[in-house]
Every structure is written in C-alpha cells, then in structure tokens.
Amino acid sequence: MHRLLCLHVFLCCLSMALSFCPSQCTCVFHGRVEGTGTRSVLCNDQDMSDIPVNVPVDTVKLRVEKTAVRRIPTEAFYYLVELRYLWITYNSITTVDTGSFYNLKVLHELRLDGNMISVFPWESLKEMPRLKTLDLHNNRLTSVAPEAIPYLVNITYLDLSSNKLTTLPSDLMDIWPPFNGVPISSNASQKVVLGLQDNPWFCDCKISKLIEISKMADTPVILMDLFLTCATPDNLAGVLFQRAELENCVKPSVMISATKITSHLGSNVLLRCDASGSPTPALYWTKSDGSPVNNTVQESPGEGINWSIMSLHGIEHKDAGNYSCKAKNVAGTAIATIYLTVAGTMSTTAPPVRPSVGNGPTSQGTAITPPTDISKSPLTSPTALPGSLTTPSAAQKPPKPISGNNSQKSSLKETKTQQGGSGKKLAADEKSKKTDNSKGLKDLEIVEQTADSAVLLWTAGGLLNDAPLTVVYSPYGEDDSKRTMETKAGSGKVLLDGLSPGMRYSVCLVAKGSTTGKDPCIDFYTEDGGQNILFFIVSSVACVLILPLIALLIYKILALYCKGSNTSLDTNELEKESYVKFETISMKQRTLNSHPTELWARRPTNESERLLLCSRSSIDSQMTYKSDSSRSEYLC
C-alpha cells in the first residue's frame, strides 16, 4: 500500500512538471486524452528579453514572436528532444550561437524571419539532420558560406529573400537538379522551393546557374518570385534574370583524343585531356571508384585554356578501369572518361637451368641462361595509342645471366663453344635487333606555315635514305579525318597542303617495318587567313590616303626648287624694278655771259652712283655756296 501511494505521488508530480508553462507564455495541449496529444507553446510577451528555459519537455511546437529577445544562447533547447517546429520570428535577434540548436534531432521546421541576423552559423545545421524548412527571410544576411552546402542537401524549402545577398556560392545549385546529375524526370515528385527575391544581386558567372534555372520552364526547383532582377553591374541593372546575358561566362568543355586505351602490363601510361571555358576551368582526375588521382600535371597556356596529364607507372591489372577528367569553373562542369585496358600476363616461371659442363670438378652452383628470343616473352614493348603515351618500365628488361663461381663461368663458356655457329648467329641477330631499334626519325620541325599549307622537316637518323615513310596528319583530336602521304626518309621534308586556316594539326612520321613503338609526332597551327585579308585591306586604305599626300609634297618641293633657279634676273631689270635711280646735280661755273636761270648741271648716272657711295654728307647736310673753286657737297 505504501509503494502504491509513493507511485501515485510521483506520477502526480511528473504530470505537474510536464504541464508547467512559463509565466510569459501560453501552453496549449492538442489531444482528446492526456498523454496522447501534442503540446505547443506560444511566447509573445513584448517584455520578454530571453529565451524561456522552463518550457515543457514534451513540447512539439515552440513559437517566440514579437519579443525583445536579442540572442539565442548555446543549448537553448537541448532538453526539447521532441521539438519539431521552432518559430522565433519578428524579434530583435542579432546573434545566434553555433550550438544554439544542439540536440534538436527531430526538428523539421526552423523559422527565424523578421530579425536582424547578419551572420548565420550554417554549421549548426548538422545538429538538425531532419530539417526540411529553413526560413531566414527579412534579415541582414550578406553571404552564404560554402560550408553550408552539405547541410542544405535535404532542405526542400529555403527562404533567403529580403536580405542583402549579392551572390551565392557557385556550387550551391549543384545540390539540386538538373545540376546534381540526377535526371529531372526522376525528381518530379521532389520539389525544392527557393525564395531569393528582394536581394541586390550582382549578375556574373557565380550566379549563372541560378540565372539558368530562372529561364527553365520545367524544373524541380521552384522560385517564389520568377521576376528576379540584377542590381549590378551597371549594364545589367534592372534587367530580369530571364533576359540577362552574361559576358565572359562559358561552361567548360573537355576534349580527349580517345575513349579507350589498351596498354601492356608493366608499361607506363600518360593520359591527357584539354579543356576550355571562361573563366579558365580547373581539371581534376578521378578513378572509377571516385578517388582522386594525385600524380598529375596541369598547365594553362592561355586565358580560357587548360590541359592536364595523368601518369601511371608500371601499370598492373588493378589499374584497369575508367579514369575521368573533370573540368570545372563557376559556370558549370564537364566530364570526359577514358577506359584503360591492361593486356598481357606476368610470367612467374623461371627459365630452364642448364648444368655446367667441364673436365674438372664442378660445384653445386648452376648458371641461369636468359631466353634466346625476347620477342616471345609476354612483356613486350607497348604500342603508343591516341591520347596516351606508354613506355616500357624497368620490370620488362630481360634477366641478366646469374653466374656462380669461376668454374661455372668456365663451364658456360665451354657450352657456348660447343654450340658453334648457332651461338654466333644468335648474337648477330640480337645485335641487329638492337641496331634496328636504335634507328629512328628525329628533329621534327614545321616551317613556312601559311593559311593552307606547311612544310615538315626531319632528320633521317639511323634510317636509310630510301626507307619508305608514311606522313599521317589530321586536325588535332579528329582521328576520323586523317590524311596520309608516302615519301622517303632521305628527302628530309614534305609539303602538307589542303589545310584549313587558323587550326591546330598533328602530324606523325611512320617508318614502315620499324620496330620502334613510338612514332615521332608534332603539333602546329596554320595561319589565320582572315588576318591576311584584314592586313591587305588596311594596307590598301593606307596607300590610297598616303600616296596623294606624297605626290603633293613632291610637287611643293619641285615648285620651290624651280622658283629658286629663276632668282638670277638681269641687272637692268633689277635696276628698273628694285632700285631707285639717283641723279646728282651741281652748280655750274659762273661766267659773265651765262644765263641766270641755268645755275645747275646734271651729271651722268654712273658718276652719280659713284658720288653717292663716296658721299660724306648726311641727309641733314645743306649745300652752301662759297666760291667757284669750292668743293661741291652732295645731297642724297
């Protein structure tokens, strides 16, 4: 009886604790029978400044609205393990701690709209694995951290409207179709609602995927407002996303020369892929299981172009499979796959052991003789294939003879002596094979490129001058349009015609009957014919404008020269036109019978000029009559 009484008291206390409601909140229990319904709590007292801590533990829905709460502290709801709906809306919240939502494992809906949050702890979303709805509209958010992307994968309702967002992480849209690689038809029932309106968007390549979604008619991603507009840059201000055309924004494209490659066991393989796009895409190599490949080299020869080479050394059967080259920039992603097949088997059988032969005593040691025909071994030199470069590794070298003591060497020597001419022939064959392998073409060079032709030069090396050669050339990466030409190794050059202007070509020299596994190749570019036409037009216009000016200048120079030659005029003409003719008058000698009016006499012109030059009188001098014998004064 005592135990039953204690149990009854405990249950009463527990029910009182469960039903206890904070003084500034209203608690509502939804259900017909106690213990089978759900409890919701509403706190909307304007004087409330802190998140309530005494909320019933069985609360399923908690609403804190229109209060003076300014901060959500760490572990503010850790004891509300059954909480599914958390609305903290239209308060004055500016700070949200990283651990504010700790232990909310079953939370489905989080609404924080109508606050003043400028920085949201996106990593706190990992504490809410079942979260489907996240409402952050009407806040002061300026960015979405890239670290938030993994935690937003399961979100089906995301409202970021009426904030201060100018851009989004370029990878954010990759978690939703069609950019996640999942066909749109398989996601017909799974819709994602995005609220992104009323933000000052900067329209560039970073949000090109969002702009692309806004232009799609049928997509699982639904925008609350279809009429999103650009705020910046100036040339796109006020332009709708559906009509925005972005500059310098091109999705990457990947090019490989072959999709299937076969290489021999133990060889070295080089795989290459080229990519283009704007901005310049980055390249990544991955294996068939998705693991990255580290032994790669990457280089960008120019803006918008990038290439990468992946190397595999001493390949084994486990290295066979798909190798994917992924090109990625902010505008999108492109993938190309190369399938590698490993041919051949590794021989583990030891070569036959030949006992030593001699007159004297022999030891227990043996000598291992290498195989006579290396070409019959499965470890042959691989053949170069398009898109890859294979070279034999050290594991393919034939084993060297392993000798014992001096007596064993003597026995081996005697055995070779007994073989006679067959042994010499074998040595000659090996030497001849080495000589053939050492022959090859080298010093390939392209000269005299034009818009439609080029000249290929080479050095014959060890090949005979009359050895036949096949010249194989085609546009780079287009193996289907290969063209061939027959020539001799001693010619040293060949003309490649019929080319297209402004294109990249690959040309290889193949020696018939050569045992070399790698044929020499070289790439080159033809000239752009359009540039020549433009140069011709500019030159013609310049000639039309400059030639008349040159003719006018020559005319002016000749006119000045002719004018200078006519300056030596006749002296009489100069006297008439350029100078004043002077005359001198003087007093006559007075006589008794002279006429009184003829007191002056004129002198000849020559004498007048002489007197003018030697005159001692100034313009102010006056003529004075002294006597008949007095000296005359001259007036100019």
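Residues numbered from 1 in each chain as written. Predicted model: local features only at pLDDT ≥ 70, side-chain atom pairs only at ≥ 80, totals over all residues. Heavy atoms only, no water.

1. Let's talk about the sheet that holds strand β29 (residues 493-497)
- Taking strand neighbours across the sheet as the criterion, the three strands line up as β25-β26-β29 in an open arrangement whose pairing is antiparallel. This sheet does not close on itself; its edge strands, each paired only once, are β25 (442-447) and β29. Within the sheet, the average angular offset between the axes of one strand and its neighbour, ignoring direction, is 20°.
- Bridge analysis of strand β26 (residues 453-459) against β29 gives five bridges, and the strand direction is antiparallel. When the bridges of β29 are listed, serine 453 appears paired with aspartate 497. (Pairing = 2+ DSSP bridges. Helix = DSSP H or I, 4+ residues; strand = E, 2+ residues; numbered from the N terminus. Axes fitted to C-alpha atoms, helices over the stretch in contact; angles between N-to-C directions.)

2. Let's talk about a nonpolar patch on the surface
- Together, Ile533, Phe536, Ile537, Val541, Val544, Leu545, Ile546, Leu547, Ile550, Ile554 and Leu558 line one region of the surface with nonpolar side chains, adding up to about 1,100 Å² of accessible area.
- Tracing the backbone through its elements, the reader meets phenylalanine 536 in helix α5 (residues 529-565).
- Residue classification places phenylalanine 536 among the exposed residues on the basis of a relative accessible area of 58%. (Patch = residues over 30% accessible without salt bridge, like charges linked within 9 Å, V, L, I, M, F, W, Y side chains within 5 Å. Areas by Shrake-Rupley, 256 points an atom, 1.4 Å probe, with all protein chains shown as cover. Salt bridge = Lys/Arg side-chain N within 4 Å of Asp/Glu carboxyl O. Buried < 20%, exposed > 50% of the residue type's maximum accessible area, 1.4 Å probe, protein only.)

3. Some words on the side chain of histidine 137
- Mapped onto the elements of the fold, histidine 137 is located in the loop between β8 (133-135) and β9 (157-159).
- You can call histidine 137 buried: its relative accessible area is 17%.
- Once residues lying within four places of it in the same chain are set aside, the contact partners of histidine 137 are Tyr90, Asp113, Gly114, Asp159, Ser161 and Asn163. (Contact = heavy atoms within 4.5 Å.)

4. Observations regarding the packing of aromatic side chains
- Under the counting rule described, the total for this entry stands at three aromatic pairs.
- When the ring of phenylalanine 120 is compared with that of tryptophan 122, the centres are 5.0 Å apart and the planes differ by 75°; the resulting orientation is edge-to-face.
- Taking relative accessible area as the criterion, phenylalanine 120 reaches 3% and is therefore assigned buried.
- Residue classification places tryptophan 122 among the buried positions, given a relative accessible area of 4%.
- Taking the centre distance of 5.8 Å and the plane angle of 20° together, the rings of tyrosine 505 and phenylalanine 524 count as stacked. With tyrosine 505 in strand β30 (residues 504-511) and phenylalanine 524 in strand β31 (residues 521-525), this residue pair connects regions lying 19 residues apart in the sequence.
- Since its relative accessible area comes to 3%, phenylalanine 524 is described here as buried.
- Geometry around tyrosine 476 places arginine 504 over its ring, the cationic atom sitting 3.7 Å from the centre. (Phe/Tyr/Trp six-rings, centres within 6.5 Å; stacked < 30°, edge-to-face > 60°. Lys NZ or Arg CZ within 6 Å of the ring centre and 35° of its normal.)

5. Quick notes on the UniProt feature "transmembrane region" (unreviewed entry) in the protein chain
- Residues annotated by UniProt as "transmembrane region" (unreviewed entry) correspond here to residues 533-555.
- Taken end to end, residues 533-555 is 100% helix and 0% strand, and its first and last C-alpha atoms sit 33 Å apart. (UniProt positions renumbered as here; feature names shortened; annotations may be inferred.)

6. With respect to unusual backbone geometry
- For the peptide bond that leads from proline 177 to proline 178, omega is 5°, which places it in the cis range.
- Mapped onto the elements, proline 178 comes out in the loop between β9 and β10 (192-195).
- Cis geometry is adopted by the peptide bond preceding proline 233, which originates at threonine 232 and carries an omega value of -5°.
- By the secondary structure assignment, proline 233 is in the loop between β13 (230-232) and β14 (250-255).
- Of note in the backbone geometry, lysine 66 takes a positive phi value of approximately 55° without being a glycine.

7. Focus on the side chain of serine 453
- By the element assignment, serine 453 lies in strand β26.
- On the basis of relative accessibility, which here comes to 16%, the residue serine 453 falls in the buried class.
- Leave out the neighbours within four places in its chain, and serine 453 touches Glu448, Leu495, Leu496, Asp497 and Leu499.

8. Overview of the confidence of the model for the protein chain
- Predicted confidence across the protein chain gives a mean pLDDT of 76, with 67% of residues reaching 70 or more.
- Low pLDDT, under 50, characterises residues 355-438; the predicted model gives this stretch 97 contacts beyond four residues in sequence or across chains. (pLDDT = per-residue confidence, 0-100.)

9. Examining the environment of glutamate 75
- Checked against the element boundaries, glutamate 75 lands in the loop between β4 (71-72) and β5 (85-89).
- The spacing of glutamate 75 and serine 100 is 25 residues in sequence and 4.8 Å in space, taken between C-alpha atoms.
- Ignoring anything within four residues of it in the chain, the contact list for glutamate 75 reads Gly99, Ser100 and Tyr102.

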